[in-house]
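In case you want the letters, here they are:
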Amino acid sequence: MKLTSESKFFLGIIVGTILIVVIAVILLSRPQKPIEKDRLITPATYTSGNKNANVWLVEFSDFECPACKLFAKTIETLINDNKDALLFAHRHYPLPQHLFSVKAAVSAEAAGKQGKFWEMWKELYAAQTLSESSVSAIVKTLGLDEKKFASDSADPSLQALVEQDKQFGVSLGINATPTFFLNGVKLDIGKPDDLKRKVEEALHKN
Amino acid sequence: MKQKIVMINRIIFILSLAGVLMAAYVLQSFLRNTGILCLTGGGCELVRKSPVSYPFGIPVPAFGLVGYTGLTILSFLRTTDRSASNNKLLKFMLGIAIFGVCFVSWFTIMELFVIKGICTWCAISAVDMYIVFGLVIKSMLLSRK
């Protein structure tokens, strides 16, 4: 095989590309620095479990995301089985393709004003396909004060909270839901069983 | 004429190399279950998590990686040999490009109507493959003259 000047030019590009890929792989495979707990769990963040637990799990989630619904069951089990050893926190990450996702997040915050964030959290995932009427039905089921719920839902400060969560998620490089951080480290997982395994490993270590 | 063929081969080479990089990036995300940087919101994640993206159990970007790698190697080999076998290489390239165009068309239809989410990288890769296909045809026509 005879190498022409054109071949050498092509080879140069191939070698350059391989070098760039190798550098990218090295950079991407470096261990992540954990994110501080007080950045991931702010005073406004709803949590469930032991606030002083050594193991803490933060989820960035969208109530209309089917994968989030799948994970919600595993999260409930993990919280119930490890009430003293685990702290779970929910952060909002409404996706633009889910038209009711922002309203759903605000609804959860508004229910939280009446002490029923987690009840709403569970019902929103269960309903999944959300609308004004399905949220109204949930409000009735949970026995919330409807007038207060309506006025809280329209409160711009709650919408700002949801937006702040989203922007914080974006600043962390999140682009999909659900995204989990276990003790500040982003998890690379695909299935609820992977989450269960990771959390149980962390619980075992601590 | 010859200069035109050389220039087209260069473009095919660059586009194929870009295809290799895109496919490699998306494939590592499929294999490591990590998020994909996506201009279309969560479309890439929808695509990654859909069973449609694993025909015969193989992640879709693996097909892209093999196809684009083949095109890159063949376009490189065309620079080393300017004899009659150059046409053979071009026929091989056409074969890959035809398969590639059929594959990206099928997958784009799946994205639109089954997965209902568009992955930016798949869309760019589809356009890339269409251009490569067009350039291979153009190259064949020029080399026949």
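Residues numbered from 1 in each chain as written. Chains lettered and ligands numbered in written order. Predicted model: local features only at pLDDT ≥ 70, side-chain atom pairs only at ≥ 80, totals over all residues. Heavy atoms only, no water.

The name given to chain A in an unreviewed UniProt entry is Thioredoxin domain-containing protein, with Candidatus Gottesmanbacteria bacterium GW2011_GWA1_44_24b as the source organism. Chain A has a UniProt comment under Sequence similarities (unreviewed entry) that states "Belongs to the thioredoxin family. DsbA subfamily." (UniProt positions renumbered as here; feature names shortened; annotations may be inferred.)

A. Molecular detail of the domain arrangement of chain A. Domain parsing of chain A yields domain 1 (1-28) and domain 2 (42-205). Each of domain 1 of chain A and domain 2 of chain A has a C-alpha centre, and the two are 46 Å apart. (Domains from an automatic or database assignment.)

B. Local environment of the sheet that holds strand β4 (residues 179-182) of chain A. All names here are of chain A. Sheet architecture is open: five strands sit in the order β1-β3-β2-β4-β5, paired in mixed fashion. The two strands at the open ends of the sheet, each matched to only one other strand, are β1 (46-49) and β5 (185-186). In this sheet, β4 lies alongside strand β2 (residues 55-61) in antiparallel orientation, the contact comprising four bridges. Of the residues in β4, the one forming a bridge with Glu59 is Phe180. The sheet contacts of helix α8 (residues 156-171) involve β2 and β3 (86-92), and relative to β3 the element is tilted by about 100 degrees. (Pairing = 2+ DSSP bridges. Helix = DSSP H or I, 4+ residues; strand = E, 2+ residues; numbered from the N terminus. Contact = heavy atoms within 4.5 Å. Axes fitted to C-alpha atoms, helices over the stretch in contact; angles between N-to-C directions.)

C. Structural view of the interface of chain B and chain A. Listed by partner, the interface residues are 26 residues for chain B and 22 residues for chain A. Between chain B and chain A, the buried area comes to about 1900 Å², and carbon and sulfur atoms account for 65% of it. Area buried by chain B at its contact with chain A is led by Phe76, Thr79 and Thr80 of chain B, which between them contribute 25% of it. Summed over the shared surface of chain B and chain A, the number is one salt bridge. With a closest N to O distance of 2.8 Å, Glu6 of chain A and Arg10 of chain B form a salt bridge. The interface formed by chain B and chain A includes three residue pairs in polar contact (both at pLDDT 80 or more). Elements with a minimum of two residues in the side of chain B that touches chain A: α1 (2-32), α2 (43-49) and α3 (60-80) of chain B. Of all the elements, α1 of chain B adds the most residues to the side of chain B that touches chain A, at eight residues. Each residue belonging to the side of chain B that touches chain A can be placed in one class, and the counts come to eleven nonpolar, ten polar and five charged. (Buried area = accessible area lost by both parts, 1.4 Å probe. Salt bridge = Lys/Arg side-chain N within 4 Å of Asp/Glu carboxyl O. Polar contact = N/O pair within 3.5 Å; in protein donor to acceptor, adjacent residues only side chain to side chain. Nonpolar A, V, L, I, M, F, W, Y, C, P; charged D, E, K, R; others polar.)

D. Representation of the packing of helix α1 (residues 5-28) of chain A against α3 of chain B. Remark: α1 of chain A packs on α3 of chain B, axes separated minimally by 7 Å, with the N-to-C direction vectors making an angle of 150 degrees. Put simply, α1 of chain A runs roughly antiparallel to α3 of chain B. Between α1 of chain A and α3 of chain B the crossing geometry is left-handed. Between α1 of chain A and α3 of chain B, the residues in contact are Glu6, Ser7, Phe10 and Leu11 of chain A and Ser75, Phe76, Thr79 and Thr80 of chain B, respectively. In terms of residue class, the contact of α1 of chain A with α3 of chain B is built from three nonpolar, four polar and one charged. (Parallel < 35°, antiparallel > 145°, perpendicular 65-115°, else oblique. Left-handed = near helix turned anticlockwise from the far one by under 90°.)

E. Structural detail: helix α5 (residues 120-144) of chain B. Here α5 of chain B spans 37 Å end to end across 25 residues, near enough to the 36 Å set by a 1.5 Å rise per residue. Along α5 of chain B, the residues that are buried comprise Thr120, Cys122, Ser125, Ala126, Asp128, Met129, Val132, Leu135, Val136, Ser139, Met140 and Leu142 of chain B. (Expected span 1.5 Å × (residues − 1). Buried < 20%, exposed > 50% of the residue type's maximum accessible area, 1.4 Å probe, protein only.)

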